[in-house]
Amino acid sequence: MKSLFVGNMSFQTTEGDLRTLFEPFGQITRVHMAMDRETGRARGFAFIEMPNDEEAAKAMAGLDGKEFGGRNLKVNEARPKGEGGPPRSGQRSFNNGPSAGRGPNTGRGPSGGSGGGRGKGGGGGRDRFSNEDYRESVRQPREPRW
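Below you will find a few notes about this structure. Since we're looking at a predicted model, the values are computed, not measured.

Conventions we followed
Every chain's residues receive numbers from 1 upward, in the order its sequence appears when written. Only residues with pLDDT of at least 70 get local features here, since the model is predicted, and only at 80 or more are side-chain atom pairs given and counted; chain-wide, interface and lining totals rely on the full set of residues. Calculation of side-chain values draws on the structure's entire complement of heavy atoms; hydrogens and water are dropped beforehand. The salt bridge definition used is simple: a Lys or Arg side-chain nitrogen within 4 Å of an Asp or Glu carboxyl oxygen. Runs of H or I in DSSP of at least four residues are treated as helices and runs of E of at least two as strands, each being numbered from the N terminus. Three exposure classes are used, based on accessible area relative to the maximum for each residue type with a 1.4 Å probe and protein chains only: buried under 20%, partly exposed in between, and exposed over 50%. For two strands to pair, DSSP has to find at least two bridges joining them. A fitted line through C-alpha atoms represents every axis, and for helices the fit uses only the stretch in contact; the resulting angles, taken between N-to-C directions, go from 0 to 180 degrees. Contacts are residue-level and defined by heavy atoms, with any inter-residue pair within 4.5 Å sufficient.

Glancing now at the pattern of salt bridges. Throughout the structure, instances matching the rule amount to three salt bridges. Its salt-bridge partner being R30, residue E49 comes within 3.6 Å of it at the nearest N-O pair. Of this pair, E49 sits in strand β3 (residues 42–50) while R30 sits in strand β2 (residues 30–35), placing them 19 residues apart in sequence. D64 is the salt-bridge partner of K74, the closest N and O atoms lying 4.0 Å from each other. Taken as a pair, K74 in strand β6 (residues 74–77) and D64 in the loop between α2 (53–63) and β4 (67–68) lie far apart in primary sequence, ten residues in all. Among the residues examined, K74 registers a relative accessible area of 41% and is labelled partly exposed. Residue D64 is classed as partly exposed on the basis of its relative accessible area, which comes to 35%.

Rendered as structure tokens:
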């Protein structure tokens, strides 16, 4: 049993379209299209399970890069759930900036700890600065909402 990842699909592609595309290569056990929870539309990728490994390899070779629905499909072997690929360049990692690897009492406000000494763990995000950091500052007027 081999699970194939099919990416770069058109958002209008249906499960039936995928079945008809993959059936010439062999038997299909399951087609799972990733759907957006909020909008209910396809997210542009799917997983196809094929019981025969040779047929799956033929499908990968025959369909990877093939134009379907106006887009070039990306077909390769699916990785296990927890195992991702290399990190994408657009992803943010909050733990590798200029303050990564510093010791505990460094440049994070008057209390020295993270989040102004509220007992939370380190890291970026909303509680990175506390009100203590800005207590003496004059508050800027808010922009009106038209």
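Having seen it, we continue.
Looking now at the sheet that holds strand β1 (residues 2–7). Taken in spatial order, the four strands line up as β2-β3-β1-β6 in an open sheet, and their pairing is antiparallel. Taken across any chain shown, the strands that pair with only one partner, and hence form the sheet edges, are β2 and β6. Taken over all neighbouring pairs, the strand axes of this sheet differ in orientation by 20 degrees on average, direction set aside. Here β1 pairs with β3 via five bridges, running antiparallel. Bridge pairing links V6 to A46 in β3. Across the sheet, helix α1 (residues 15–22) is in contact with β1, β2, β3 and β6; its angle to β2 comes to roughly 140 degrees.

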